[in-house]
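# Structure at a glance
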Amino acid sequence: MPSEPSGAWELIAAYRLSVVKFLQRKCRDIHQAEDLAHDTLIKAARYGNALAHVARPGAWLMQIAANVQRDFVRKEIRHRLLPPTDDLFHEVIGTEPIPGESPGANYYEVDGQRFAEDLLVAEIRELWNGMSVRDRTVLSSYYREGGSAELAAANCGIDRNLVKIRLFRARRRLEADLRRRLDRA
């Protein structure tokens, strides 16, 4: 074992090789031992500067390594599956469409009424064209940028805090207009 280092990072670095060797004896695979050692040292590093006050850091690290290895073995046993039989495959209900068949229309419920996806998309496209440029710009900037208020603010030339307010109002106007149209449909 290495001499007792003072700081947490020095302790982890000093015992790394010992932990890998210890785990390699337990699992017989150098790559798995290195992965488990990495997990062990991460768990140990979470203790931060408190590591410097551990009475026997080598034994403490080896106990963590043994626990990490034991947890790994338990997970492996739990996740080990027997190869499925053909009978089992026939019992599984598939969710994918059957090749060659056209999938049915998607329906969405709005205020207790079911509407076809095609109808909703057509209505929203018409409403989109009638929206103010400001509403269209803030909505498209926000959603095109993956929901980033900062990027939407830069695209719209407005303050970041104002983006959330404009988004709320634009979505509310779009939703109200869509509900009115659907009530007439």
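Description of the structure in this document. All values derive from a computational prediction rather than experimental measurement.

### Considering the overall build of the protein chain
In terms of regular secondary structure, the protein chain is built from eight helices and two strands. If you list the helices and strands of the protein chain from N to C, you get α-α-α-α-β-β-α-α-α-α. Of the contacts made within the protein chain by residues no fewer than 6 positions apart, 49% connect residues no fewer than 24 positions apart. Counting every atom, the protein chain has about 13,600 Å² of accessible surface; 52% of that belongs to carbon and sulfur.

### Thoughts on empty space enclosed by the protein
Remark: the empty space left among the atoms is shown by a probe the size of a water molecule rolled over them. Tallying each qualifying case throughout the model produces one cavity of 30 Å³ or more. Taken as a whole, the largest cavity holds about 30 Å³ of empty space. Val110, Asp111, Gln113, Phe115, Arg179, Leu182 and Asp183 are the residues that line the largest cavity. Elements with a minimum of two residues in the lining of the largest cavity: β2 (113-116) and α8 (160-184). Here the lining of the largest cavity takes three residues from α8, the largest share from any one element. A breakdown of the residues in the lining of the largest cavity according to their chemical character gives three nonpolar, one polar and three charged.

### Topic: helix α7 (residues 149-156)
What sets the pattern is the α-helix's 3.6 residues per turn: residues three or four places apart point alike. Taken residue by residue, α7 has Ala149, Ala152 and Ala153 as its buried positions. An end-on view of α7 places all buried positions within 100 degrees of arc, on one side of the element. For α7, the elements touching its buried residues are α6 (133-144) and α8. Note on α7: the residue one or two positions beyond its end, glycine 157, has a positive phi of about 70 degrees.

### With respect to the pattern of salt bridges
By the definition in use, this model includes seven salt bridges. Linking aspartate 71 and arginine 74 is a salt bridge whose minimum nitrogen-to-oxygen distance equals 3.9 Å. A residue pair is termed a helical-turn pair when its members lie 3 or 4 positions apart in one helix, as aspartate 71 and arginine 74 do in helix α3 (residues 57-79) at three residues. The shortest N-O distance in the salt bridge between aspartate 177 and arginine 180 comes to 2.2 Å. Placement of the pair is aspartate 177 and arginine 180 together in helix α8, with a separation of three residues, close to one helical turn. Each member of the salt-bridge network shares a partner with another, and the members are Glu123, Glu126 and Arg181.

### A short note on the packing of aromatic side chains
With the rule as written, the count across this model stands at one aromatic pair. Seen from their ring centres, tyrosine 142 and tyrosine 143 are 5.0 Å apart, and the 85 degrees between their planes marks the pair as edge-to-face. The ring of tyrosine 107 has arginine 114 lying over it, and the distance from NZ or CZ to the ring centre is 4.4 Å.

### Some words on a positive patch on the surface
A contiguous patch of positive charge, built from Lys43, Arg46, Lys75 and Arg78, is present on the exposed surface. On the secondary structure map, arginine 46 appears in the loop between α2 (30-45) and α3. On the accessibility criterion, arginine 46 (67% relative accessible area) is exposed.

Rules used in this analysis
- Residues numbered from 1 in each chain as written.
- Predicted model: local features only at pLDDT ≥ 70, side-chain atom pairs only at ≥ 80, totals over all residues.
- Heavy atoms only, no water.
- Helix = DSSP H or I, 4+ residues; strand = E, 2+ residues; numbered from the N terminus.
- Contact = heavy atoms within 4.5 Å.
- Areas by Shrake-Rupley, 256 points an atom, 1.4 Å probe, with all protein chains shown as cover.
- 1 Å grid on protein atoms, 1.4 Å probe; cavity = no way out; pocket = protein on both sides within 12 Å on 5 of 7 lines; lining within 4 Å.
- Points joined across faces, edges and corners; volume = space filled by probe spheres on them.
- Nonpolar A, V, L, I, M, F, W, Y, C, P; charged D, E, K, R; others polar.
- Buried < 20%, exposed > 50% of the residue type's maximum accessible area, 1.4 Å probe, protein only.
- Arc of directions from axis to C-beta.
- Salt bridge = Lys/Arg side-chain N within 4 Å of Asp/Glu carboxyl O.
- Phe/Tyr/Trp six-rings, centres within 6.5 Å; stacked < 30°, edge-to-face > 60°.
- Lys NZ or Arg CZ within 6 Å of the ring centre and 35° of its normal.
- Patch = residues over 30% accessible without salt bridge, like charges linked within 9 Å, V, L, I, M, F, W, Y side chains within 5 Å.
- Lys, Arg positive; Asp, Glu negative; His and termini not counted.
- Charge placed at Lys NZ, Arg CZ, Asp CG, Glu CD.

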